[in-house]
Amino acid sequence: MAEYGTVRSGTAGIRTAEIDQGLRAHMNKVYGLMSAALLVSFAIGYTISASPSLMQLVFGTPLFYAVVFGPLAFVLVANFAFHKLSVAAINGIFWAYAALTGASLAIIFSMFSMGSIITGLLYTGIAFLGLTITGYVTKKDLGAIGQVAIMMAWGLVAVGIGSFFFGGLGEQGFMLFNIAILGVFAVLTAFSTQEIKNTYLEARTVGGPEAEMFLEKAAIIGALQLYISFIAMFRSIMYLFMSED
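Residues numbered from 1 in each chain as written. Predicted model: local features only at pLDDT ≥ 70, side-chain atom pairs only at ≥ 80, totals over all residues. Heavy atoms only, no water.

A. Molecular detail of the overall build of the chain. When helices and strands are counted, the chain shows nine helices and zero strands. With the principal axes as the frame, the chain shows a C-alpha extent of 60 × 35 × 35 Å. With the model as given, the accessible surface of the chain reaches about 12300 Å², and the carbon-plus-sulfur share is 68%. (Helix = DSSP H or I, 4+ residues; strand = E, 2+ residues; numbered from the N terminus. Areas by Shrake-Rupley, 256 points an atom, 1.4 Å probe, with all protein chains shown as cover.)

Set out below in structure tokens:
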């Protein structure tokens, strides 16, 4: 996430109770947005998978490339143009990302039974909850390991794109690929949670209307970060541990 300046000091001048209340509201907004996006994505995925004509439209036409590469483009725009984009623009990117990801999830719904999907969601939810709580409460700075995980995530993206254009990974390679995704995004879940928390505290230290505007955008980007991690872990759990129909 884009940082608010370079402030790393304490929260002098802001009452602890105000910080706690404001941070709680900020985190609730992040988790609320992420949860709403997940609901939208899974609803879209299920709807498309239940319609042969929609499956043909999404996966049998050039729209497929938008579904595959659109989310990556949105992430790049949101990260590199964060300070230039308005709250409305970032919000639009967030929901467009969720919609395209939902379309791609139709593959999951077509491959696995609803029972397997619900089980996979349960496993992912338990893992995500433990990891995000860890990131929130830990006193250890996760910055270093988080930066390594980010670089590894981009490496996995490159591997995925390469396999898309130049052939599959093979059964064993696909398994190792998903194990790597599961591990990397587990780390990123804890790291992102800590970063969201720290970003709020930094912005509140500075204060003012500019900080409030920043936090509006930061909440959306934070929700997107956690959403990406949840979806990545869910997909890997489905491919690694759930039996196909």
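The rest of the description comes next.
B. Local environment of the environment of Thr47. Of note, Thr47 is situated in helix H1 (residues 16-49). Of the residues examined, Thr47 reaches a relative accessible area of 45% and is grouped as partly exposed. Considering only alpha carbons, one finds Thr47 and Asn178, 131 residues apart in sequence, at a separation of 26 Å. (Buried < 20%, exposed > 50% of the residue type's maximum accessible area, 1.4 Å probe, protein only.)

C. Structural context of the packing of aromatic side chains. This model, assessed by the stated rule, comprises 16 aromatic pairs. Seen in terms of ring centroids, Phe69 and Phe165 are 5.7 Å apart; in terms of plane orientation they differ by 10°. Their pairing is stacked. Of this pair, Phe69 sits in helix H3 (residues 63-80) while Phe165 sits in helix H7 (residues 143-166), and the two are 96 residues apart along the sequence. The exposure class assigned to Phe69 is partly exposed, which follows from its relative accessible area of 23%. (Phe/Tyr/Trp six-rings, centres within 6.5 Å; stacked < 30°, edge-to-face > 60°.)

Functional significance is not addressed by these values, which are geometric in nature.
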